[in-house]
Amino acid sequence: LAYEAQVPGVARAKIDGLARFYGIEDAEAIRFFSVHVAADEVHAATERALLDAHATGADEARLVAAAERARDALWGFLDGAARSAGIPACAAPAA
């Protein structure tokens, strides 16, 4: 949820930066980011509603462990993308 909730703002910042610094404003050129603004707002809201409706205090340890696994998987994905692009990897986030 924490990641999904950040994506729309990141995508908006990228759209703004592409327009401001590179003059890229064509809807098709920024489509990837536009889609993520809309889709991830829905994803985050849906995830929050599901957690609010179904999670209890007894689920906390299991949910935290699942979130940590998801964080680590995303970090590994981003490291792989960086390596493929020749960008040095950053230190992993603190657990």
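Residues numbered from 1 in each chain as written. Predicted model: local features only at pLDDT ≥ 70, side-chain atom pairs only at ≥ 80, totals over all residues. Heavy atoms only, no water.

Novice: How do you make sense of the overall build of the chain when you look at a structure like this?
Specialist: A tally of helices and strands in the chain yields three helices and zero strands. Listed N to C, the secondary structure of the chain is α-α-α in terms of helices and strands. A compact globule built from 95 residues should have a C-alpha radius of gyration of about 12 Å, whereas the chain, at 17 Å, is more than 25% larger. By its C-alpha atoms, the chain is 50 × 30 × 15 Å across when sized along the principal axes. Looking at the chain residue by residue over its 95 residues, the buried ones come to 13%. A total accessible area of about 7,000 Å² is found for the chain, and carbon and sulfur atoms account for 63% of it. Between the centroid of the 9 positive side chains of the chain and the centroid of its 14 negative side chains there is a distance of 3 Å. (Helix = DSSP H or I, 4+ residues; strand = E, 2+ residues; numbered from the N terminus. Rg over C-alpha atoms; globule rule 2.2 N^0.38 Å. Buried < 20%, exposed > 50% of the residue type's maximum accessible area, 1.4 Å probe, protein only. Areas by Shrake-Rupley, 256 points an atom, 1.4 Å probe, with all protein chains shown as cover. Lys, Arg positive; Asp, Glu negative; His and termini not counted. Charge placed at Lys NZ, Arg CZ, Asp CG, Glu CD.)

Novice: Whenever I open this one, the layout of surface pockets confuses me. Can you help?
Specialist: Where empty space is left becomes clear once a probe the size of a water molecule has been rolled over the atoms. By volume, the second largest pocket amounts to about 380 Å³. Taken together, 13 residues form the lining of the second largest pocket, with Tyr3, Val7, Val10, Lys14 and Phe32 sitting closest to its centre. Those elements giving two or more residues to the lining of the second largest pocket turn out to be helix H1 (2-22), helix H2 (31-54) and helix H3 (60-84). Among the elements that line the lining of the second largest pocket, the one with the most residues is H1, at six residues. The class makeup of the residues in the lining of the second largest pocket is nine nonpolar, two polar and two charged. (1 Å grid on protein atoms, 1.4 Å probe; cavity = no way out; pocket = protein on both sides within 12 Å on 5 of 7 lines; lining within 4 Å. Points joined across faces, edges and corners; volume = space filled by probe spheres on them. Nonpolar A, V, L, I, M, F, W, Y, C, P; charged D, E, K, R; others polar.)

Novice: Even after reading the chapter, I still don't get the confidence of the model for the chain, so can you show me in this structure?
Specialist: Mean pLDDT over the chain: 86, with 91% of residues reaching 70 or higher. Mean pLDDT per element in the chain: H3 is the minimum at 85, and H2 is the maximum at 89. (pLDDT = per-residue confidence, 0-100.)

Novice: Help me understand the environment of His36, please; the structure alone is not making it clear to me.
Specialist: Among the structural elements, His36 can be located in helix H2. Look at His36 and you get partly exposed, because its relative accessible area is 28%. Between the C-alpha atoms of His36 and Arg83, which are 47 residues apart in sequence, the distance is 24 Å.

Novice: Is there a simple way to explain the pattern of salt bridges in this structure?
Specialist: Pairing of side chains with opposite charge becomes possible as their charged atoms draw close. Applying the stated criterion to the full structure yields five salt bridges. A salt bridge links Arg20 to Asp16, with the shortest nitrogen-to-oxygen separation between them at 2.2 Å. Taken together, the residues span about one helical turn, with Arg20 and Asp16 both in helix H1 at a distance of four residues. The shortest N-O distance in the salt bridge between Arg48 and Asp52 comes to 3.5 Å. A residue pair is termed a helical-turn pair when its members lie 3 or 4 positions apart in one helix, as Arg48 and Asp52 do in helix H2 at four residues. Owing to a relative accessible area of 55%, Asp52 belongs among the exposed residues under this scheme. (Salt bridge = Lys/Arg side-chain N within 4 Å of Asp/Glu carboxyl O.)

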